[in-house]
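Remarks on the overall topology
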Amino acid sequence: AKITFITSDEQRITLEGFSGSVMALAVENGIKGIDGDCGGVCSCATCHVHVAPEDISKTGEASEIEADMLELDDDTDQYSRLSCQLQISEELDGLVLRVAK
Ligand code: FES
């Protein structure tokens, strides 16, 4: 699936991934602002992204455990997800994500 990241300095970077989490894809490719400090276990929020509103049907909304972690982050809105909780599949093709502040 092709996934586009928009970084805080307004760069648009499109990556192609086939499996694993969106966080891992971003970290492997050095996407600025996605650190994945906890290794993908939903306990750091350094992988926070905003899903483009028109793409929220592809990803769904945050799960309860994600939402609890996101609550601690100022930049959270209804389109917030932790990218370590997004598994890459063809269903995500064309997804646009804005990296959270
Ligand atoms: Fe830590 Fe996603 S990598 S919550």
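Let me begin by describing the structure that accompanies this report.

Parameters and conventions
Residues numbered from 1 in each chain as written. Predicted model: local features only at pLDDT ≥ 70, side-chain atom pairs only at ≥ 80, totals over all residues. Core = buried A, V, L, I, M, F, W, Y, C linked by C-beta atoms within 7 Å. Buried ≥ 20, exposed ≤ 12 C-beta atoms within 10 Å, placed from the backbone. Helix = DSSP H or I, 4+ residues; strand = E, 2+ residues; numbered from the N terminus. Contact = placed C-beta atoms within 7 Å. Pairing = 2+ DSSP bridges.

**Examining the nonpolar core**
If you look at the biggest cluster of nonpolar residues, it comprises 22 residues, and the most contacted ones within it are Val 22, Met 23, Ala 26, Ile 34, Leu 97 and Val 99. A per-element tally of this core places helix α1 (residues 22-28) first, with 5 residues. Leaving out residues up to four positions away in the same chain, Leu 97 has contacts with Ile 3, Thr 4, Phe 5, Val 49, His 50, Val 51 and Ser 83.

**As for the pairing of strand β3 (residues 48-51)**
The alternating pattern of β3 places His 48 and His 50 on one face and Val 49 and Val 51 on the opposite face, and all of these are buried. With 3 bridges connecting them, β3 and strand β4 (residues 80-82) associate as antiparallel partners. Across the sheet, residue His 50 finds its bridge partner in β4, namely Ser 80. Bridge analysis of β3 against strand β5 (residues 95-99) gives 3 bridges, and the strand direction is antiparallel. In the strand pairing of β5, Val 51 is matched with Leu 97.

**Examining the pairing of strand β2 (residues 12-16)**
In terms of residue burial, β2 counts as a barely covered element, since only 0 of its 5 residues are buried. Inspection of the sheet shows strand β1 (residues 2-6) paired to β2 by 5 bridges, in the antiparallel sense. Bridge pairing links Thr 4 to Thr 14 in β2. The loop that links β1 with its antiparallel partner β2 comprises 5 residues; one of these, Glu 10, has a positive phi angle of about 65°.

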